[in-house]
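Spelled out, the chains give:
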Amino acid sequence: MDLLEKAVETGRKKYPRSLQNTVSYGTAGIRMRAENLDFILYRMGLLSVLFSKFRKGQVTGLMVTASHNPAEDNGVKIIDTMGEMMPIAWEKHATDLTNASDDKLGFALEEMIKHEGIDLSISATVCTAMDTRPSSVQLLKAATDGIKALKGLCLNYGLLTTPQLHYMVCCRNTKDQYGLSTEAGYYSKLTSAFLKINKELKTNKYSPEFLDENSRHAAVQLATTMNMINQTVGDAISDMLLVETILASRDWTCEDWDSAYTDLPSRMLKIKVEDRNIVKTTDAERRTTSPPGLQEAIDQLVAGYKFGRAFVRPSGTEDVMRVYAEADTRENADKLAYEVGLQVYDLARGIGDKPVPPV
């Protein structure tokens, strides 16, 4: 029995497929009730090894997390070699592996290997981590079993935030040139840059005739700021430090910042649909490209409201569409959201109750 067959057999015995409904890997990875995830984490462990082999042996990442979902949920995200999210083309592979029956898993793996031209003789390394949910320990074990089943090397970081694991993967693949691939290294990179730039803001004063010196100082500040930003993925800790620095550079308080912008009245709705994948978006999820006619309908509705704006996007975790609308008054924002929600329901195969008109 070869390596692939052994991996499939291990999955059949220890982590048999326990769901009948279709599961999709999307922008947020896969998220659902934790008790249904064991077999998925095992298969994503297999995928992360094959992804590393596809990347010619560079390190990939696997994070066990469901982010802001309820505690009873959990999920998984695969991380690319420079800390980016997994390519869209590989989301299909993840979806296919997840939905394959136990007796078709081997075929699904072979098809993926053939399609991507993966050389199984290449060594593979996967960094793993988890969040603090009670289910994460068992799910990380399932993922680790999948990694080891294909003879991948598993570097387990234990408890980390998702941005921290993205950082670790990037560090590993740059041989620590981006930063030290430890939790202490992550904090040191961000805080050192934060302290340096804020110290300079307080102590360095340059009267306008010293243009060359000003230019040099600006270049140093820019380079330091780049080290304060987690360039692999969105990171709340990094964002907080950057905001603090910007406020300090402008000598603003939080109250000054808050008063610089006034939100328009807005409303958000969730519309249940048969399949969230029917809606595709572009322009940072601000415009839809399918189903046909939806964006045109949204544009027509928005044109009827002063300061009107409306966006529609599929949820990353459940079969719902998220509708955001804003306008000049609360009443108009509520009305616009309802009208857009109704179009989503009609054109994107809504299920259950239709949106209710605002009172």
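Before reading further, recall that the structure is shown in the block above.
Let me sum up the structure you'll find in this document. Every chain's residues receive numbers from 1 upward, in the order its sequence appears when written. The predicted nature of this model means local features are confined to residues of pLDDT at least 70 and side-chain atom pairs, given and counted, to a pLDDT of 80 or more, with totals for whole chains, interfaces and linings taken over all residues. Note: side-chain values were computed over all heavy atoms of the structure, leaving out hydrogens and water.

## Looking at the nonpolar core
- Here, nonpolar core means buried Ala, Val, Leu, Ile, Met, Phe, Trp, Tyr and Cys residues that are tied together by side-chain atoms lying within 4.5 Å of each other. Residue exposure (1.4 Å probe, protein chains only): buried if accessible area is under 20% of the type maximum, exposed if over 50%, otherwise partly exposed. Counting 46 residues, the largest nonpolar core has Ile-40, Leu-41, Met-44, Leu-47, Leu-62, Ile-78 and Leu-109 as the members making the most contacts within it.
- Runs of H or I in DSSP of at least four residues are treated as helices and runs of E of at least two as strands, each being numbered from the N terminus. Examining the composition of this core, we find that 10 residues originate from one element, helix α2 (residues 38–54), more than from any other.
- Pairs of residues are marked as contacts when any of their non-hydrogen atoms sit within 4.5 Å. Excluding residues that lie within four positions of it along the chain, Leu-41 makes contacts with Leu-62, Val-64, Val-76, Leu-139, Ala-142 and Ala-143.
- The next biggest cluster of nonpolar side chains, apart from the first, holds 21 residues, and it includes Val-279, Leu-294, Val-312 and Ala-333.

## Concerning the pattern of salt bridges
- Throughout this description, the term salt bridge denotes a Lys or Arg side-chain nitrogen within 4 Å of a carboxyl oxygen of Asp or Glu. Tallying each qualifying case throughout the model produces 18 salt bridges.
- One salt bridge connects Asp-299 with Arg-287, and the closest N-O pair in it is separated by 2.8 Å. Of the two residues, Asp-299 sits in helix α11 (residues 294–302) while Arg-287 sits in strand β8 (residues 287–290), which places them 12 residues apart along the sequence.
- Where salt bridges share partners, they join Glu-9, Arg-12 and Lys-13 into one cluster.

## Here we look at the pairing of strand β2 (residues 60–64)
- Taken across its 5 residues, β2 has 5 buried, putting it largely inside the fold.
- Here β2 shows two buried faces, one formed by Thr-60, Leu-62 and Val-64 and the other by Gly-61 and Met-63.
- Pairs of strands are assigned from DSSP output, requiring at least two bridges between the strands. Relative to strand β4 (residues 125–130), β2 runs parallel, the two being bridged by 5 bridges. In the sheet register, Gly-61 faces β4, and the bridge partner there is Cys-127.

## A few points about the sheet that holds strand β1 (residues 30–33)
- A sheet is described by the order of its strands in space; here 5 strands give the open sequence β1-β3-β2-β4-β5, paired in mixed fashion. The outermost strands of the open sheet, each flanked by one partner alone, are β1 and β5 (153–159). Along the sheet, successive strands turn relative to each other by an average axial angle of 15°, direction set aside.
- Bridge analysis of β1 against strand β3 (residues 73–79) gives 4 bridges, and the strand direction is antiparallel. When the bridges of β3 are listed, Arg-33 appears paired with Asp-73. Here an angle of 0 to 180 degrees is reported between the N-to-C directions of two axes, which are lines fitted to C-alpha atoms, with helices fitted over the stretch in contact.

## Quick notes on the packing of aromatic side chains
- Here a Phe, Tyr or Trp ring, Trp counted by its six-membered ring, pairs with any other such ring whose centre lies within 6.5 Å, and the pair is stacked when the planes are under 30 degrees apart, edge-to-face when over 60, and tilted otherwise. Within this structure, the stated rule accounts for 8 aromatic pairs.
- Arranged with centres 5.8 Å apart and planes meeting at 55°, the rings of Tyr-167 and Tyr-178 form a pair that is tilted. With Tyr-167 in helix α6 (residues 162–173) and Tyr-178 in the loop between α6 and α7 (183–203), this residue pair connects regions lying 11 residues apart in the sequence.
- Taking relative accessible area as the criterion, Tyr-167 reaches 1% and is therefore assigned buried.
- Linked through ring pairs, Tyr-167, Tyr-178, Tyr-186 and Tyr-187 together constitute an aromatic cluster.
- Across from the ring centre of Tyr-178, 4.4 Å away, lies the NZ or CZ of Lys-189, which sits over that ring.
- Charges are assigned to positions over rings by a cutoff of 6 Å between ring centre and Lys NZ or Arg CZ, combined with an angular limit of 35 degrees from the ring normal. Looking at Arg-250, its charged tip hangs above the ring of Trp-252, at a distance of 5.2 Å from the centre.

## Describing unusual backbone geometry
- A cis geometry characterises the amide bond from Ser-290 onward to Pro-291, with omega recorded as 5°.
- Within the secondary structure, Pro-291 sits in the loop between β8 and α11.
- Look at Lys-56: it is not a glycine, yet its phi comes out positive at around 60°.
- With respect to the helices, strands and loops of the structure, Lys-56 is situated in the loop between α2 and β2.
- Relative accessible area serves as the criterion here: at 64%, Lys-56 is assigned to the exposed category.

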